[in-house]
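Architecture at a glance
Okay, here's what each chain looks like letter by letter:
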Amino acid sequence: MVPLITYLFQKSIENPFIDDDLVLIIGEITSATKIIAGKVRKASLLDVLGSAEKINVQGEVVQKLDELANDIITETLKCTGKACMLASEEVEDCLILSDSGYSIAFDPLDGSSNIDVNISIGTIFSIHKGDIKKSGREQIAAGYVIYGPSTMLVLAFRGFVSVFTLDPETGNFMLVEENLKMPEKGKIYSINEANYDKWESDGLRKFIDSLKEEKYTLRYVGSMVADVHRTLFKGGVFIYPSDIKNRNGKLRLLYEGSPMAFIVENAGGMAITGEKSILDVVPEELHQRVPVILGSKWEVEKCLKYLKNG
Ligand code: AHM
Ligand code: MG
């Protein structure tokens, strides 16, 4: 089995854009996630569960583990000397570190509402060269780490997606699947259906009704990382749409929608806002939100037709 760093050096031979600085950055992000994985596993034994009694820039309650994960990733990336900008879900402004290098946007601990109840959560990251406010299409790499029964890393570059599992005995992320391709069609839809009456689009309601008629089943964890991870491997569709309360949905473009769209598209799936590919949205604001419809081609194309027909 191949450890992550060996894999990255092997890939850098055929793909010169994977330079030493990028290998260092990815290596350090994943080192940070190993520390976070340890804290998540022991969370109820440490004083890290519950709220940090703060509200973040999104107006959401900050959990102690959110804050801890943010500090671990930020400090680790600062030490590389190769990161020029950092943007985190938990921090209002972009942290500027230098004039050139890689910029990293991250959600340190996605699925915060599940932290206290031992349900899978994760870290999402997106890497650009230079300025952070670029479209998702210009990402150099994107990935997430899921803290589930095992800790796994899904890492995407343009054209290929690979999957690694953290071996707790050696502390290495080991390659378990290369060139991941997601199913072209699935049997699962994933959406917070409690908001059915609040969705802005009648077409979306009709699409979900049509899936029920086709005997789809519903799975919704409420951690984007977990819901996207299942969708990648089993196929189907994950949706966080716009609704009358959240006109652009709930999920954030730079560190949720865009990296997940990059992973899904490079694994052969689709990721759209309802109008265009999420990867073509050019950010105007650091914490801007975006409606997300992603998954297998068959379901996403079908959803698009329903949305157009209203
Ligand atoms: P978070 O980044 O504060 O954890 O919020 C994002 C999470 C996603 O992981 C998940 O898909 C979504 O919120 C669930 O929202 P809801 O509870 O409205 O269904
Ligand atoms: Mg999140």
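Rules of the game
- Once a new chain begins, its residue numbering starts again from 1 and follows that chain's sequence as written.
- Labels follow written order: the first chain is A, the first ligand is 1, and so on.
- Whole-chain, interface and lining totals are the exception, using all residues; otherwise, since this is a predicted model, local features are given only for residues with pLDDT of at least 70 and side-chain atom pairs are given and counted only at 80 or more.
- Remark: hydrogens and water are excluded; side-chain values derive from all non-hydrogen atoms of the structure.
- For the domain bounds, the source is a domain assignment made automatically or taken from a database.
- Only heavy atoms matter for contacts: two residues are in contact if any of them lie within 4.5 Å across the pair.
- Take the accessible area each of two parts loses on contact, using a 1.4 Å probe, and add the two losses: that sum is the buried area.
- Any Lys or Arg side-chain nitrogen found within 4 Å of a carboxyl oxygen on Asp or Glu counts as a salt bridge.
- N or O atoms within 3.5 Å of each other form a polar contact, as long as, within protein, one can give a hydrogen and the other can take it, and as long as residues adjacent in sequence are counted only when both atoms are side-chain atoms.
- Only runs of H or I of at least four residues qualify as helices and only runs of E of at least two qualify as strands under DSSP, and these elements are numbered from the N terminus.
- Proximity is defined per residue: if any heavy atom of the residue lies within 4 Å of a molecule or strand, that residue is considered near it.
- Here the open area of atoms and residues is found with the Shrake-Rupley method and a 1.4 Å probe, where only the protein chains shown may cover a residue.
- In this analysis the probe radius is 1.4 Å and the grid spacing 1 Å, with only protein atoms considered; a cavity is a set of points the probe fits into but cannot get out of, a pocket is an open set with protein on both sides within 12 Å along at least five of seven lines, and lining residues have an atom within 4 Å of a point.
- Grid points define the cavity or pocket, and a molecule sits in it when more than half of its atoms lie within 2 Å of them.
- Summary of the burial criterion: residues with accessible area below 20% of their type's maximum are buried, those above 50% are exposed, and those between are partly exposed, where the area comes from a 1.4 Å probe applied to protein chains only.
- Two strands qualify as a pair provided DSSP detects at least 2 bridges between them.
- Between N-to-C directions, angles cover 0 to 180 degrees, with each direction set by a line fitted to C-alpha atoms, over the stretch in contact for helices.
- Here the angle decides the label: under 35 degrees means roughly parallel, over 145 means roughly antiparallel, 65 to 115 means roughly perpendicular, and every other value means oblique.
- A crossing counts as left-handed when the near helix is turned anticlockwise from the far one by less than a right angle, and as right-handed when that turn is clockwise.
- Three classes are used: nonpolar for Ala, Val, Leu, Ile, Met, Phe, Trp, Tyr, Cys and Pro, charged for Asp, Glu, Lys and Arg, and polar for all others, with Gly counted as polar.
- For Na, K and Ca the donor cutoff is 3.2 Å, while for all other metals N, O and S atoms count as donors only within 2.8 Å; water does not appear among the atoms, so some sites may look incomplete.
- Throughout, the arc means that of the directions going from the helix axis to the C-beta atoms.

**Section: the domain arrangement of the chain**
Here the chain is partitioned into domain 1 (4-177) and domain 2 (188-309). A straight line from the C-alpha centre of domain 1 to that of domain 2 covers 22 Å. Listed per partner, the contact involves 48 residues of domain 1 and 33 residues of domain 2. Summed over both sides, the interface between domain 1 and domain 2 buries roughly 3000 Å², with carbon and sulfur atoms accounting for 62% of that surface. A per-residue breakdown of the area domain 1 buries against domain 2 is headed by Lys133, Arg137 and Tyr144, which together make up 21% of the total. Applying the counting rule to domain 1 against domain 2 returns three salt bridges. In this structure, Glu265 and Arg137 form a salt bridge, with 3.5 Å as the shortest nitrogen-oxygen distance. The tally of links between domain 1 and domain 2 comes to 17 residue pairs in polar contact (both at pLDDT 80 or more). If you list the elements that add at least two residues to the side of domain 1 that touches domain 2, you get β3 (83-88), β5 (102-110), β6 (121-129), β7 (141-147), β8 (151-157) and β9 (160-167).

**Details of the site of ligand 1**
Every one of the 17 residues lining ligand 1 counts as a neighbour, but Gly111, Asn192, Tyr220, Met224 and Tyr240 are closest to it. Tyr220 has a polar side-chain atom sitting 2.5 Å from an oxygen atom of ligand 1. Taken by itself ligand 1 offers 480 Å² of open surface, and the protein chains cover 86% of this. Judged by the fraction of its atoms near the pocket grid, ligand 1 is located in the second largest pocket. Broken down by secondary-structure element, the contributors of at least two residues to the shell around ligand 1 are β5 and β13 (237-240).

**Some details on the environment of Asp116**
By the secondary structure assignment, Asp116 is in the loop between β5 and β6. What makes Asp116 partly exposed here is its relative accessible area of 40%. Asp116 sits 138 residues away from Leu254 along the chain, and the two C-alpha atoms are 26 Å apart.

**Points about the pairing of β5**
Buried residues dominate β5, accounting for nine of its nine residues. Pairing analysis gives five bridges linking β3 to β5, with the strands arranged parallel. Its bridge partner being in β5, Met85 is matched across the sheet by Ser103.

**Remarks on the packing of helix α5 (residues 224-234) against helix α6 (residues 253-266)**
Packing of α5 against α6 brings their axes to within 11 Å, and their N-to-C directions diverge by 15 degrees. Between α5 and α6, the angle is such that the two are roughly parallel. Relative to α6, α5 is oriented so that their crossing is right-handed. Contacts between α5 and α6 involve Met224, Val225, Val228 and Leu232 on the former and, on the latter, Glu256, Gly257, Met260, Ile263 and Val264. Split by residue class, the contact of α5 with α6 holds seven nonpolar, one polar and one charged.

**Details of unusual backbone geometry**
With phi around 60 degrees, Asn118 is a residue other than glycine that occupies positive phi space. Turning to its location among the elements, Asn118 is positioned in the loop between β5 and β6. Judged by relative accessible area, Asn118 falls into the exposed class, the value being 76%. Phi is positive for Lys215, which is not a glycine, with a value near 65 degrees. Assessed through its relative accessible area of 68%, Lys215 is described here as exposed.

**Describing the coordination of the magnesium ion (ligand 2)**
Coordination sphere of the magnesium ion (ligand 2), protein contribution only: Asp107 (OD), Asp110 (OD) and Glu256 (OE), at 1.9 to 2.1 Å. Along the chain, the residues donating to the magnesium ion (ligand 2) are arranged with the sequence spacing D-x2-D-x145-E. Here the residue Asp110 occupies a position in strand β5, and Glu256 occupies one in helix α6, the gap between them amounting to 146 residues. You can call Asp110 buried: its relative accessible area is 6%. By relative accessible area, Glu256 is classed as buried at 1%.

**Overview of helix α1 (residues 4-14)**
Turning to α1, its buried residues number three or more, namely Leu4, Tyr7, Leu8, Lys11 and Ser12. Down the axis of α1, the smallest arc covering the buried residues is 135 degrees, so these residues share one side. Buried-residue contacts for α1 involve α2 (20-41), β8, β9 and β10 (172-177).

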